[in-house]
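Here's the letter readout for the chains.
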Amino acid sequence: MKQAAVYLDYNATTPCDSRVLEAMLPFFREIYGNPANGLHLQGRLAAEHVEVAREKVAALIGARPAEIVFTAGATESNNLAILGIAGRRPNPARNRIVTSAVEHKSVLAPCEKLQEEGFEVIILPVDNNGRVRLDSAEKAIDDRTFLVSVQGANNEVGTIQPVAEIAEIAHQFGALVHCDAAQTVGKIAVNVTEWGVDFASLSGHKLYGPKGIGALYVRGDPDLVRLEPVFVGGGQERGLRPGTLNVPAIAGLGEACDISSAQLIEESARLASLRDLFESRLLHELPDVRINGSLNQRLPNTSSITFPEVDADALLLNCPEVMLGTGAACTSRAISPSHVLEAMGLGREDAFRTVRASVGRFTTIEQIEIAASAVTNAYRSLL
Ligand code: PMP
């Protein structure tokens with residue numbers, strides 16, 4: 001397949017690393033057993049490999065293997081955490097959920113669903129950099145709160161959230177803490193124990209693994225189930241996520257996490273230098289563009305750029321040499337501007353003029369040079 005265009009949309013999804021693909025292949029033909037079936041070799045082998053993958057996922061985020069539940073991705077993990085905690089909260093008098101204005105829809109939508117059912121949902125505002133304000137968190141979280149859900153880092157602007165600080169406030173009031181870490185795991189070091197969170201979601205296709213696989217970290221004793229499952233069926237994954245395990249994808253996720261554990265620090269530094277190069281090239285040519293998000297609390301790979309006078313859609317259509325994002329991919333069909341940018345105080349027009357560039361493992365300096373000049377030329381041609 002001819003691929004001339006430069007891909008700078010790694011936050012939407014990453015290509016599968018070829019090592020991940022290799023690690024998955026045996027599980028389609030050679031080790032195809034159902035891991036629930038411990039009575040024959042095929043089943044036992046599959047189950048053993050699932051546990052190896054579980055160890056690798058746990059190792060990347062500082063968890064114990066028994067604390068990892070495999071799901072179909074971060075959307076499902078977020079739903080399982082939020083709806084599941086609401087369904088099993090020990091004290092029904094507590095009915096407040098606190099979350100933030102810049103969460104992904106897969107966090108906001110389950111919260112809205114619970115609101116319709118009578119729960120109280122408080123949405124924390126963010127500052128101009130997209131960071132959740134701790135003073136608002138302190139005001140909103142109290143002993144009526146049973147759950148605080150805050151992302152590790154934002155998918156659109158890359159701002160890293162003060163998860164540990166928020167978790168500490170929440171725990172003072174006996175609330176549980178969930179973190180949507182889909183964009184964080186694999187990009188910066190994540191340690192769920194240091195964060196002090198009770199639940200964390202991650203997704204395979206954001207860290208060079210396959211699509212349709214993810215995990216939910218559930219802190220503590222595996223037998224002390226504090227979650228109501230979203231699906232019911234067989235007892236897989238401690239009954240939290242029944243259904244035959246997707247062994248090839250689980251093996252792929254394990255490999256992706258293992259690779260990330262080995263090269264995360266080096267890779268983060270390389271990505272930051274590529275992202276900085278892209279921004280400095282653009283700013284040099286087009287001094288009026290603005291970079292959104294926190295400059296010192298930001299994912300190494302993400303750049304959110306607002307262009308004066310030109311709509312992001314027009315810019316992207318005029319620049320087929322580069323594949324960029326506008327806001328969240330999952331909501332790109334919606335006509336409304338990005339809720340993240342609006343929460344950060346960007347006006348409607350500026351939100352529509354904002355492009356997201358996200359670099360990744362296979363981005364090269366040459367690609368950055370090509371992309372920066374293509375974007376500059378496309379922009380100038382539209383003025
Ligand atoms: N949360 C965040 C912050 C995301 O960026 C995404 C993916 N866009 C998701 C959740 C959903 O992940 P998945 O595609 O694995 O369902």
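Here the structure is a predicted model, which means the values were calculated and not measured.

Calculation criteria
- Residues numbered from 1 in each chain as written.
- Predicted model: local features only at pLDDT ≥ 70, side-chain atom pairs only at ≥ 80, totals over all residues.
- Heavy atoms only, no water.
- Pairing = 2+ DSSP bridges.
- Helix = DSSP H or I, 4+ residues; strand = E, 2+ residues; numbered from the N terminus.
- Axes fitted to C-alpha atoms, helices over the stretch in contact; angles between N-to-C directions.
- Contact = heavy atoms within 4.5 Å.
- Domains from an automatic or database assignment.
- Buried area = accessible area lost by both parts, 1.4 Å probe.
- Salt bridge = Lys/Arg side-chain N within 4 Å of Asp/Glu carboxyl O.
- Polar contact = N/O pair within 3.5 Å; in protein donor to acceptor, adjacent residues only side chain to side chain.
- Phe/Tyr/Trp six-rings, centres within 6.5 Å; stacked < 30°, edge-to-face > 60°.
- Buried < 20%, exposed > 50% of the residue type's maximum accessible area, 1.4 Å probe, protein only.
- Lys NZ or Arg CZ within 6 Å of the ring centre and 35° of its normal.
- Right-handed = clockwise from strand over helix to strand, strands pointing away.

J.: Provide a residue-level description of the sheet that holds strand 9 (residues 290–292), including the pertinent values.
T.: Taken in spatial order, the three strands make up an open sheet running 9-10-12, and their pairing is antiparallel. Each edge of the open sheet carries a strand with a single partner, namely strand 9 and strand 12 (354–358). Across the sheet, the mean angle separating the axes of adjacent strands is 35 degrees when strand polarity is ignored. In this structure, strand 10 (residues 302–306) lies alongside strand 12, joined through five bridges in antiparallel fashion. Residue S304 lies in a different strand from strand 12, and its bridge partner there is R356. Contacting strand 9, strand 10 and strand 12, helix 9 (residues 247–285) crosses the sheet at an angle of about 15 degrees to strand 10.

J.: A description of the domain arrangement of the protein chain should follow, citing residues and the corresponding values.
T.: What the domain assignment reports for the protein chain is domain 1 (6–15 + 264–382) and domain 2 (18–258). One C-alpha centre belongs to domain 1, the other to domain 2; they are set 27 Å apart. On the side of domain 2, 33 residues touch domain 1, which itself brings 33 residues to the contact. With both chains or domains summed, domain 1 and domain 2 bury close to 2700 Å², and 56% of this area falls on carbon and sulfur atoms. For domain 1, the biggest contributors to the area lost against domain 2 are L299, H339 and M344; these three give 21% of the whole. Taken together, the links from domain 1 to domain 2 amount to zero salt bridges. Applying the counting rule to domain 1 against domain 2 returns 17 residue pairs in polar contact (both at pLDDT 80 or more). Of all the elements in the fold, those that place two or more residues in the side of domain 1 that touches domain 2 are helix 9, strand 10 and helix 11 (339–343). For the side of domain 1 that touches domain 2, the element with the most residues is helix 11, which contributes four residues.

J.: With reference to specific residues and values, describe the packing of aromatic side chains.
T.: Centre-to-centre distance and the angle between the planes together describe a pair of aromatic rings. Per the stated rule, a full pass over the model turns up five aromatic pairs. Relative to Y208, the ring of Y10 has its centre 6.1 Å away and its plane inclined at 55 degrees; by these criteria the two rings are tilted. Of this pair, Y10 sits in the loop between strand 1 (6–7) and helix 1 (18–24) while Y208 sits in the loop between strand 7 (199–203) and strand 8 (214–218); the two residues are 198 residues apart in sequence, bridging distant segments of the chain. Centroid distance Y208 to F362: 5.9 Å. Interplanar angle 90 degrees. Geometry classified as edge-to-face. Of the two residues, Y208 is situated in the loop between strand 7 and strand 8 and F362 in the loop between strand 12 and helix 13 (365–382); the sequence distance between them amounts to 154 residues. For F362, a relative accessible area of 38% gives the class partly exposed. Members of the aromatic cluster, each reached through a chain of ring pairs, are Y7, Y10, Y208 and F362. Geometry around F146 places R89 over its ring, the cationic atom sitting 5.3 Å from the centre.

J.: Outline the pairing of strand 3 (residues 96–100), supporting the account with residue identities and numerical values.
T.: Burial within strand 3 is extensive, with five of its five residues counted as buried. Going residue by residue along strand 3, you find R96, V98 and S100 tucked away on one face and I97 and T99 tucked away on the opposite face as well. Across five bridges, strand 3 lies against strand 4 (residues 120–124) in parallel orientation. Residue S100 lies in a different strand from strand 4, and its bridge partner there is L124. Handedness of the crossover joining strand 3 and strand 4 through helix 5 (residues 105–116) is recorded here as right-handed. Bridging between strand 3 and strand 5 (residues 145–149) involves four bridges; their strand directions are parallel. Bridging across to strand 5, T99 finds its partner in S149.

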